[in-house]
Every structure is written in C-alpha cells, then in structure tokens.
Amino acid sequence: MSKNKGRKNKTTSSSSSKKSSSTSHSLSLKNRQPSKTTTGSVNGAKLRSQSTVKRLQMYRGGKPKRDPSGRITQVAAFQEQLPSGTQARVAPNRQWFNNSRVVTQNSLQKFQTALSTTLADPYQVVMKQTQLPVTLLNEKGKQKRSHILDVESYQTTFGPKAQRKRPSNIGGGDDMDALMAHVERTQSEYNQEKDLDLMREDDGVKQETLNPLFRAGQSKRIWNELYKVIDSSDVVIQVLDARNPEGTRCRQVEAYLKKEKAYKHLIFILNKCDLIPVWATQKWVAILSRSHPTLAFHANMKKNFGKQALIQLLRQFSRLHQDKKQISVGFIGYPNVGKSSVINTLRAQKVCKVAPIAGETKVWQYITLMKRIFLIDCPGIVYPADDSETDIVLKGVVRVENVPQPEQYIDELLSRVKREYILKTYAIDDYSTGEEFLEKLARKAGKLLKGAEPDLSTVAKMVLNDFQRGKLPHYVTPPEDSEKKENEEKE
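Here the structure is a predicted model, which is why all the values come from computation and not from measurement. (Residues numbered from 1 in each chain as written. Predicted model: local features only at pLDDT ≥ 70, side-chain atom pairs only at ≥ 80, totals over all residues. Heavy atoms only, no water.)

Caption draft 1: Main features of the overall build of the chain. Summing up its helical and strand segments, the chain has 17 helices and 10 strands in all. Here the analysis covers contacts within the chain between residues at least 6 apart in sequence; of these, 60% occur between residues at least 24 apart. Total accessible area computed for the chain in this model is approximately 35300 Å², and 51% of it derives from carbon and sulfur atoms. (Helix = DSSP H or I, 4+ residues; strand = E, 2+ residues; numbered from the N terminus. Contact = heavy atoms within 4.5 Å. Areas by Shrake-Rupley, 256 points an atom, 1.4 Å probe, with all protein chains shown as cover.)

Given below as structure tokens:
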C-alpha cells in the first residue's frame with residue numbers, strides 16, 4: 001500500500017507540474033496580474049472589465065446582430081436606424097461657401113505680374129510656396145507653341161473644305177506679304193555648310209577626330225558627380241575665373257537649375273580677382289549681378305578677399321532654412337577655377353587637395369564649415385560646346401604636360417597678352433612670330449636639344465603653364481553696360 005501511495009503522489013506531482021507548465025505561457029489569462037478594473041475571477045481566471053469588453057467588440061468591426069430571418073436586433077456601434085422608406089441626404093449648409101473668394105481680372109493680372117517679377121529677381125527669395133494652383137496663371141499666348149486657329153482659319157483646317165492636313169506655323173496665315181517676308185528671311189538665313197540633307201561629293205578629306213584629351217570634364221562619371229552635388233545642395237555656388245567669366249560660365253547648368261530646381265539658390269563667385277584690374281572686377285560684378293548674386297573673391301589662406309562677405313551670405317541662407325538642421329553648399333564650375341581653394345580659404349586650413357592644374361579633384365567630398373553649414377566640393381565640369389582646341393587649352397581645362405604639339409597654341413596666346421608684358425616677364429628681345437619667340441626663349445632658358453637646336457615643345461609648355469597660372473597678365477575686357485549708357489543718354 002505504501003508503494004501505491006508513493007506512486008499516486010508521484011503522479012499527482014507530475015500532473016501538477018504539467019498544469020503549471022501549461023499555464024506558464026505568456027498568452028495565458030491565468031498568469032495575468034489582476035488590474036484595478038477586474039470584477040472577479042472564475043476558476044482562477046481573471047474576468048475582463050466592461051471597458052475591455054467594449055474595446056474588443058469594437059475591434060471586431062462593429063457589425064450589427066441579426067436574427068435568423070436577417071432583421072437587425074441590435075445595431076452596431078455608431079450606427080443609426082432610419083424608418084423604412086426614408087431617403088438619406090446631406091443637408092445643405094451655408095458654411096460650405098464661407099472660404100470661397102472671388103478675384104477680379106485686374107487684381108489677378110496684378111498678382112501675376114508681381115509674381116513673375118519676384119521670381120525673375122535673383123535677390124528675392126520665396127519663403128513658402130502657396131497651395132494655390134499658381135501654374136494656371138501662365139498665359140497660353142506666351143507659350144512657345146502657337147495655337148492652330150491663330151495660324152490658320154477654322155474653315156481651311158477643320159471645316160468640310162479643309163485644304164491641308166498640317167496647319168502652317170508661319171505667322172500671318174493666308175497673308176501673302178507675310179509669306180513672302182518669311183521666304184526671304186529663310187533664304188537669307190540659309191547656310192549651305194550646315195545643311196545636313198545636302199548631297200556632297202566625297203573629296204577624300206575628313207575632319208580629324210577630336211583627341212580624347214580635349215573632352216576632359218565631359219565624362220559620364222563627372223556628370224554623375226555633378227548631379228549628386230546639385231541634388232544634395234540647398235545653395236549652389238558657381239565659381240568663375242575673373243580673367244574670363246563668360247568663357248568659364250556653364251549656362252546649361254544654370255538653365256537646368258532654373259527649370260528643374262528653381263527652389264535652389266544660385267550664386268556666382270568671381271575668383272582670382274587679384275589677377276585683373278579693379279575697374280574690370282567692378283564691371284564684371286555689375287554685369288553678372290543682373291542674373292544672379294555675384295561676389296568678388298580672392299582665394300588665399302593668409303591674404304584673402306571676400307571671405308567675410310561670403311560667410312555672412314551663407315549665414316543668411318541658413319537663417320532662411322530654419323526648418324532644416326543644416327544646409328549644404330555645393331561648389332561647381334570649370335576645371336582649374338579654384339573651387340577647392342575657395343573651400344580651403346573659408347576653412348582657413350587645407351581640407352581639400354589643391355593644385356594649379358586641371359582635374360585634381362576626382363570625386364565630391366563633404367566639408368564642415370560650421371555647425372549648420374556644410375560645403376561640398378565637386379570635380380570640374382565642361383559642357384560640350386563649340387570651343388576650339390586652342391580655347392580649351394588656354395582656359396586651363398586640360399593639363400599642359402599632356403597636350404600634343406603645344407607650340408601650335410602660342411600664336412593665339414601672344415595675341416591675348418600685351419607684348420610689353422611678355423618682354424618684361426621673360427627678359428628677351430623683340431620678336432616677330434611665335435616661333436621666333438620660342439627660339440629666343442629656349443636659348444635664354446637653356447632648353448636645347450642635340451646640335452644646339454631649341455626645344456620648342458618644352459618651352460611652349462612652360463609658356464602655357466605661365467599663362468594658366470597668372471604669371472602672364474591677361475583678361476577679357478568686360479562689355480559696355482548698355483543700361484548705364486541708356487540712362488546717361490536720357491539724362
């Protein structure tokens with residue numbers, strides 16, 4: 001008997017252990033702690049409170065209860081019951097029309113003119129964009145695409161007596177004088193050399209393919225880096241060479257920013273202003289300021305110019321973007337215009353690798369200027385244009401040591417630099433041609449080959465380097481200010 005009792009005790013203990021393990025699950029109601037809202041317990045299980053039951057019933061979807069015949073016996077939560085045959089409708093309310101406003105045509109035209117003036121002014125910033133459909137204010141008459149009925153009459157285009165399938169895009173329509181004027185203007189503007197449809201005889205002479213060296217700054221990798229910088233920047237700074245601002249200006253990028261990224265701020269920096277006269281700097285700043293804010297700058301770690309003005313301008317932009325934790329400022333421009341040097345000047349230390357040659361910056365990089373202002377350095381970009389090889393070399397887009405036959409660019413270089421500056425810089429006698437100049441300079445510098453022949457290629461590279469690095473003074477004369485001239489004539 002004692003053995004049986006022992007067995008029973010063991011079985012009861014094992015069963016109790018199984019029960020305890022089964023009730024130890026995290027989803028078991030028996031292990032839940034009693035709350036203040038519980039009303040009691042049944043067999044050790046805590047009962048749900050009334051509020052908990054209502055909440056759980058709400059989760060079920062709020063379906064009404066129906067009898068076997070389908071009639072509703074108990075409506076669901078938030079459900080109303082109307083008498084049979086009642087047509088439900090929304091009662092009209094005068095409050096619907098309280099927010100509507102009527103704008104007259106004159107006030108709408110004034111607003112349209114003021115908005116276009118504000119958007120065209122580079123010195124005004126739109127702080128917050130309105131929710132109104134402002135794009136509907138664009139007049140159709142100012143669009144490039146002409147309206148069909150303005151060119152052709154309805155009868156000759158769409159009527160039963162339609163005479164042509166495609167309407168003419170010539171202004172004036174059926175007016176013979178306008179047609180004759182259009183024909184004469186087209187004939188005067190015709191250029192036989194640009195006509196690609198004209199059959200030409202093959203004379204066996206083909207244009208030489210452009211050396212890949214002169215496509216520097218046009219690769220897909222460089223343009224990918226450019227668009228990374230533009231997308232990441234709140235303020236875009238285009239660095240220009242003060243000696244040739246229009247030649248180092250990328251108008252295609254400006255047009256892209258104006259059309260696709262109008263909310264980004266564009267600024268011009270006229271770098272290397274120490275290499276041109278003060279009056280030329282003032283004129284270029286006045287001319288470029290009409291399209292975008294322009295600052296004169298001299299990048300130097302010790303003696304700089306325009307640093308405080310640029311930092312103050314960036315602080316103003318950071319105040320405009322108070323909703324952001326920080327703003328990013330991207331530097332773009334042609335190769336060898338001094339983008340990395342400007343960043344080093346702002347930081348007052350060498351944070352970017354710089355060199356007086358093109359293509360030193362390979363990838364974009366982030367630099368911290370302040371707690372809320374970050375700078376982004378970008379490789380030099382060159383948009384494919386109609387520049388000749390000579391223009392590309394003299395702009396400093398390519399490295400001189402890689403240029404084949406550099407002596408062929410010396411004649412154009414001598415035409416851009418005054419003769420007195422060349423004679424004073426190299427301390428040589430007067431010359432008549434570019435080859436004679438190179439020979440005299442080679443003999444003076446000791447650049448000779450076997451047989452005492454002057455090494456023209458080495459000397460030409462030396463002169464091109466001096467031209468790019470500012471040792472030979474040169475600059476493009478700014479054009480006359482037409483607006484200032486008109487104002488003087490009126491006075």
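Here the narrative resumes, following the displayed structure.
Caption draft 2: Molecular detail of the nonpolar core. Grouped together as the largest cluster of nonpolar side chains are 53 residues, with contacts concentrated most on Ile-237, Phe-331, Leu-346, Leu-375, Phe-437 and Val-463. Among residues more than four places away in sequence, those in contact with Leu-375 are Leu-314, Val-329, Phe-331, Ile-343, Leu-346, Gln-365, Tyr-366, Ile-367 and Leu-369. Ile-230, Leu-257, Cys-273 and Ala-296 belong to the second largest nonpolar core, which has 25 residues in total. (Core = buried A, V, L, I, M, F, W, Y, C linked by side-chain atoms within 4.5 Å. Buried < 20%, exposed > 50% of the residue type's maximum accessible area, 1.4 Å probe, protein only.)

Caption draft 3: Looking closely at the layout of surface pockets. The space that makes up the second largest pocket amounts to roughly 520 Å³. As for the second largest pocket, its lining consists of 30 residues, of which Lys-272, Asn-336, Gly-338, Ser-341 and Ala-355 are closest to the centre. Ranked by residue count, the leading element in the lining of the second largest pocket is helix α11 (residues 339-347), at three residues. Classifying every residue of the lining of the second largest pocket by side-chain character gives 12 nonpolar, 11 polar and seven charged. (1 Å grid on protein atoms, 1.4 Å probe; cavity = no way out; pocket = protein on both sides within 12 Å on 5 of 7 lines; lining within 4 Å. Points joined across faces, edges and corners; volume = space filled by probe spheres on them. Nonpolar A, V, L, I, M, F, W, Y, C, P; charged D, E, K, R; others polar.)

Caption draft 4: Geometry of the packing of helix α10 (residues 307-320) against α11. Between α10 and α11, whose axes approach to 10 Å, the crossing angle comes to 85°. Looking at the two axes, α10 sits roughly perpendicular to α11. Along the contact surface, α10 presents Lys-307, Leu-310 and Ile-311, while α11 presents Val-342, Thr-345 and Leu-346. Of the residues assigned to the contact of α10 with α11, the class counts are four nonpolar, one polar and one charged. (Axes fitted to C-alpha atoms, helices over the stretch in contact; angles between N-to-C directions. Parallel < 35°, antiparallel > 145°, perpendicular 65-115°, else oblique.)

Caption draft 5: Molecular detail of the confidence of the model for the chain. Here the chain averages 80 in pLDDT, and 79% of its residues register 70 or above. pLDDT under 50 marks residues 7-38. Its contacts with residues more than four places away, or in other chains, come to 14 contacts. (pLDDT = per-residue confidence, 0-100.)

Caption draft 6: View of the pairing of strand β6 (residues 265-271). When you tally the buried positions in β6, you get seven out of seven residues, the bulk of the element. Alternating residues of β6 divide into His-265, Ile-267, Ile-269 and Asn-271 and Leu-266, Phe-268 and Leu-270, and every residue in both groups is buried. On the question of chirality, the crossover connecting strand β5 (residues 235-241) to the parallel β6 by way of helix α8 (residues 251-260) is right-handed. Where β6 lies against strand β7 (residues 294-296), three bridges are found, and the strand directions are parallel. Across the sheet, the residue bridging to Phe-268 is Thr-294, located in β7. The handedness of the β6 to β7 crossover, carried by helix α9 (residues 278-288), is right-handed. (Right-handed = clockwise from strand over helix to strand, strands pointing away. Pairing = 2+ DSSP bridges.)

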